[in-house]
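Structural description and commentary
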Amino acid sequence: MTQRRRVVVTGMSAITPVGSGLRESWQSMLDGANGIGTITLFDPTGFPCMFAGEVKDFDPSAHLTPKDLRKMDRFIQFGIVCGMDAIADSGIEVNDGNADRIGVYIGSGIGGIKTIEDTANQFKDRGPRRVSPFYIPMTIINMISGNLSIMCGLRGPNLCTVTACSTGTHSIGEASRLIEYGDVDIMVAGGAEAPITPTSLAGFASAKALSTRNDAPACASRPWDRDRDGFVIGEGAGVLVLEEYEHARARGARIYAELLGFGMSGDAYHMTGPSPGGEGASRCMDNAMRNAGLNPEDVDCLNAHGTSTPLGDIAETLAVKSSFGSHAGKLAISSNKSMIGHLLGAAGGVEAVMTAMSIYEQTIPPTINLENPDPQCDLDYVPNEARSLPIRVALSNSFGFGGTNGTLAFGRI
């Protein structure tokens, strides 16, 4: 059997409601910044939920021309800019000698829904001849990877995954396996999403998934708090450059963390709700630790899925207790979603970036808005203030509609 090669993180970027770029987003999260506010991308009057985590002052002009932008939905723009920034952060220079060994694996949960909405309205009002020839490539999800591959000359695997809110995590995990088994030396992997549109918001609201705290949106995303009433939708992207360890060492690359393992599972229970005891999530964490060769006691912190939904937060708490036993109470657990909302297919990408940064900086961002802990959620959720602590190993969880789960295990080099 071929020996698994080690995979490390050598470049990263994040576009989030609290920052454009890795350092700004990271520092904002350490500061407990809040990126939730009333929606400005369209008029939300009359919607049960009128707020979201929007990316502010997004300027793609450093990487994309006006001609490019006319051919790309916002989710593609997020993914391309974030991917290019991650590549720049890694210091990799793509050339004819290495391009065949560098691939892209960036997914999205929903894709170009804004373009779909606009085109449907245009079709209804003006007929089929007014539909743009770029309509299809503006909306399909693999066009983040496709465009980035073309623009950067990356001739390795060009892929995407679509697994709802687990998309970013699954993309990173599957990309790492391409490196482990020798198909490539480098993968650019993560997730991007731009779901803040009328039909998207209406759909999630109709499913009773969203918070309706319109009088205080900054307090709406409150994982593990007894007053939580649903998640807050957000947008953005998170991308990592994964690289084979010896390849990274040979070129003198900075290494943020090692990707030790990856686990997946299915709840086989419900289309949108978690299995009540968190059994699927527990199996997923167990699988990630097994894949990484870890014992529960080896893990120091957890970047939780932590969506601020009544059922989801309890299920994840029960899952952690099941997987970690007596060690569960010693874990430092936090939710980035308390600050930026739920970025759906981009969430796992952003949270993987922040987990790797936690290992690199030996600090974990807080869970904000945790003021009245739910008695059923009784673990250490790093409330309201960042915490410095020795971090050898950290997990990052993502769970999606359809009962699909993903966990990444990162370690310190």
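Details of the structure are given in the entry above.
Before going into details, it helps to say that this report is about the structure given with it. (Residues numbered from 1 in each chain as written. Predicted model: local features only at pLDDT ≥ 70, side-chain atom pairs only at ≥ 80, totals over all residues. Heavy atoms only, no water.)

1. Concerning the overall build of the protein chain
- For the protein chain, the helix and strand inventory stands at 13 helices and 15 strands.
- What you see for the protein chain is a C-alpha radius of gyration of 20 Å, in line with the 22 Å of a compact globule of 413 residues.
- In terms of overall dimensions, the protein chain has C-alpha extents of about 65 × 55 × 40 Å along its principal axes.
- The proportion of buried residues among the 413 residues of the protein chain is 61%.
- Residue pairs in contact within the protein chain that sit at least 24 positions apart in sequence constitute 79% of those at least 6 positions apart.
- Counting every atom, the protein chain has about 15600 Å² of accessible surface; 52% of that belongs to carbon and sulfur.
- Averaging the locations of the 33 positively and 45 negatively charged side chains of the protein chain gives two centres separated by 4 Å. (Helix = DSSP H or I, 4+ residues; strand = E, 2+ residues; numbered from the N terminus. Rg over C-alpha atoms; globule rule 2.2 N^0.38 Å. Buried < 20%, exposed > 50% of the residue type's maximum accessible area, 1.4 Å probe, protein only. Contact = heavy atoms within 4.5 Å. Areas by Shrake-Rupley, 256 points an atom, 1.4 Å probe, with all protein chains shown as cover. Lys, Arg positive; Asp, Glu negative; His and termini not counted. Charge placed at Lys NZ, Arg CZ, Asp CG, Glu CD.)

2. Some details on the packing of aromatic side chains
- Inspection of every chain in the model, using the stated rule, returns six aromatic pairs.
- Between F58 and F78, the ring centres sit 4.8 Å apart and the planes meet at 65°, which makes this aromatic pair edge-to-face. Of this pair, F58 sits in the loop between β4 (51–52) and α2 (66–70) while F78 is found in helix α3 (residues 74–90), placing the two residues 20 residues apart along the sequence.
- Overall, the relative accessible area of 17% leaves F58 in the buried class.
- Pairing F204 with F401 gives two aromatic rings, centres 6.3 Å apart and planes at 50°, and the pair type is tilted. Residue F204 is located in helix α8 (residues 198–206), and its partner F401 is located in the loop between β14 (393–400) and β15 (404–411); the two are separated by 197 residues in the primary sequence.
- Judged by its relative accessible area of 13%, F204 is buried.
- The exposure class of F401 is partly exposed, given its relative accessible area of 37%.
- Linked through ring pairs, F204, F231 and F401 together constitute an aromatic cluster. (Phe/Tyr/Trp six-rings, centres within 6.5 Å; stacked < 30°, edge-to-face > 60°.)

3. Things to note about the packing of α3 against helix α6 (residues 143–152)
- Two elements in contact, α3 and α6, have axes whose closest approach is 9 Å; the angle formed by their N-to-C orientations is 45°. For the element pair α3 / α6, the angle class is oblique. Classified by chirality, the crossing of α6 by α3 is right-handed. Residues F75, I76, G79, I80, G83, M84 and I87 of α3 touch α6, and the partners they reach there are M143, I144, N147, L148, M151 and C152.
- Taken together, the residues of the contact of α3 with α6 sort by class into 10 nonpolar, three polar and no charged. (Axes fitted to C-alpha atoms, helices over the stretch in contact; angles between N-to-C directions. Parallel < 35°, antiparallel > 145°, perpendicular 65-115°, else oblique. Left-handed = near helix turned anticlockwise from the far one by under 90°. Nonpolar A, V, L, I, M, F, W, Y, C, P; charged D, E, K, R; others polar.)

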